[in-house]
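Spelled out from the first residue to the last, the chains are:
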Amino acid sequence: MSDTPVIGVLALQGDVREHLIALASADAQARPVRLPEELAEVDGLVIPGGESTTMSKLASLFGMLEPLRERVRGGMPVYGTCAGMILLADKILDPRSGQETVGGIDMIVRRNAFGRQNESFEAAVEVAGIEGGPVEGVFIRAPWVESVGAQAEVVAEYGGHIVAVRQRNALATSFHPELTGDHRVHALFVDMVRAVG
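Enquirer: Even after reading the chapter, I still don't get the packing of aromatic side chains, so can you show me in this structure?
Expert: Here a ring pair, both rings aromatic, is described through the centre-centre distance and the interplanar angle of the planes. Inspection of the entire model under this criterion finds 8 aromatic pairs. A network of ring pairs unites the aromatic residues Phe114, Phe121, Phe139, Trp144, Tyr158 and Phe175 as a single cluster.

Below, the structure is given as structure tokens:
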């Protein structure tokens with residue numbers, strides 16, 4: 001891998017374009033990923049925000065669920081925001097019927113924990129491993145993490161709740177850093193991908 005890793009954004013649903021822009025600004029070659037053969041060509045993957053139940057069903061429909069699980073189990077760096085965090089959880093506290101996860105982070109997540117769409121908010125969040133002060137987090141129908149297992153490391157909390165977790169090559173945030181113009185979380189992820197390369 002060169003210094004410019006190829007990082008995909010799962011483009012089944014959600015705010016794909018914003019992640020592509022944030023990754024490009026953090027010196028990655030960013031591309032949308034919809035099919036297993038496209039997944040095979042990337043060094044890392046972002047799972048964006050969106051609607052977690054819909055994303056899980058579309059991933060199944062497009063034949064992506066098993067290839068995603070295999071790559072994550074195999075150590076491919078992955079970063080999930082909001083719905084992406086839910087998909088990376090080993091367990092969802094209140095899953096919708098038929099909702100599956102990719103897994104990869106030993107955590108239990110509660111969907112829509114911060115409230116409905118009209119209760120969305122922005123807040124400054126201190127994230128371990130990111131220098132230069134807090135990042136601005138955009139919380140939209142955001143989940144939070146109820147608990148983490150021994151392998152997972154809590155990297156941010158807000159209002160007494162866990163909102164960012166890292167486990168080896170997997171990173172997840174409840175909030176959307178891609179909507180703020182501050183690309184430090186994406187830069188951290190790009191560095192994680194480079195470290196594996």
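Enquirer: How do you make sense of the side chain of glutamate 178 when you look at a structure like this?
Expert: You can see glutamate 178 is positioned in the loop between β12 (170–173) and α6 (184–196). Buried and without a salt bridge, glutamate 178 has arginine 17 as its closest oppositely charged side chain, separated by 11 Å. Among the polar contacts listed, one links the side chain of glutamate 178 to the side chain of histidine 176, at a separation of 2.7 Å. Residues in contact with glutamate 178, not counting those within four places in the same chain, are Asp15, Glu18, His19, Ala22, Thr81 and His186.

Enquirer: Sorry if this is basic, but what is going on with the nonpolar core here?
Expert: Note that soluble globular proteins tend to have their nonpolar side chains buried in a common cluster. With 33 residues, the main nonpolar core has Leu39, Ile47, Ile105 and Met107 as its most contacted residues. With 5 residues, helix α5 (residues 83–88) is the largest single contributor of residues to this core. Contact partners of methionine 107, with chain neighbours within four places excluded, come to Met85, Leu88, Ala89, Asp90, Lys91, Val145, Ser147, Val148, Val165 and Ala172. Counting residues in each nonpolar core, the second largest holds 32 residues, with Ile7, Leu20, Ala26 and Phe189 among its members.

Enquirer: What is the right way to look at the pairing of strand β10 (residues 153–158) in this model?
Expert: Sheet faces and side chains relate simply in a regular strand, where the side chains alternate between the two faces. Of the pairings in the sheet, the one linking β10 to strand β11 (residues 161–167) comprises 5 bridges and is antiparallel in character. Directly across from valine 154, in β11, lies its bridge partner valine 165. Counting the residues in the hairpin turn of β10 and β11 gives 2 residues, including glycine 159, whose phi is positive at 60 degrees.

Criteria and cut-off values
- Residues numbered from 1 in each chain as written.
- Predicted model: local features only at pLDDT ≥ 70, side-chain atom pairs only at ≥ 80, totals over all residues.
- Heavy atoms only, no water.
- Phe/Tyr/Trp six-rings, centres within 6.5 Å; stacked < 30°, edge-to-face > 60°.
- Helix = DSSP H or I, 4+ residues; strand = E, 2+ residues; numbered from the N terminus.
- Buried < 20%, exposed > 50% of the residue type's maximum accessible area, 1.4 Å probe, protein only.
- Lys, Arg positive; Asp, Glu negative; His and termini not counted.
- Salt bridge = Lys/Arg side-chain N within 4 Å of Asp/Glu carboxyl O.
- Polar contact = N/O pair within 3.5 Å; in protein donor to acceptor, adjacent residues only side chain to side chain.
- Contact = heavy atoms within 4.5 Å.
- Core = buried A, V, L, I, M, F, W, Y, C linked by side-chain atoms within 4.5 Å.
- Pairing = 2+ DSSP bridges.

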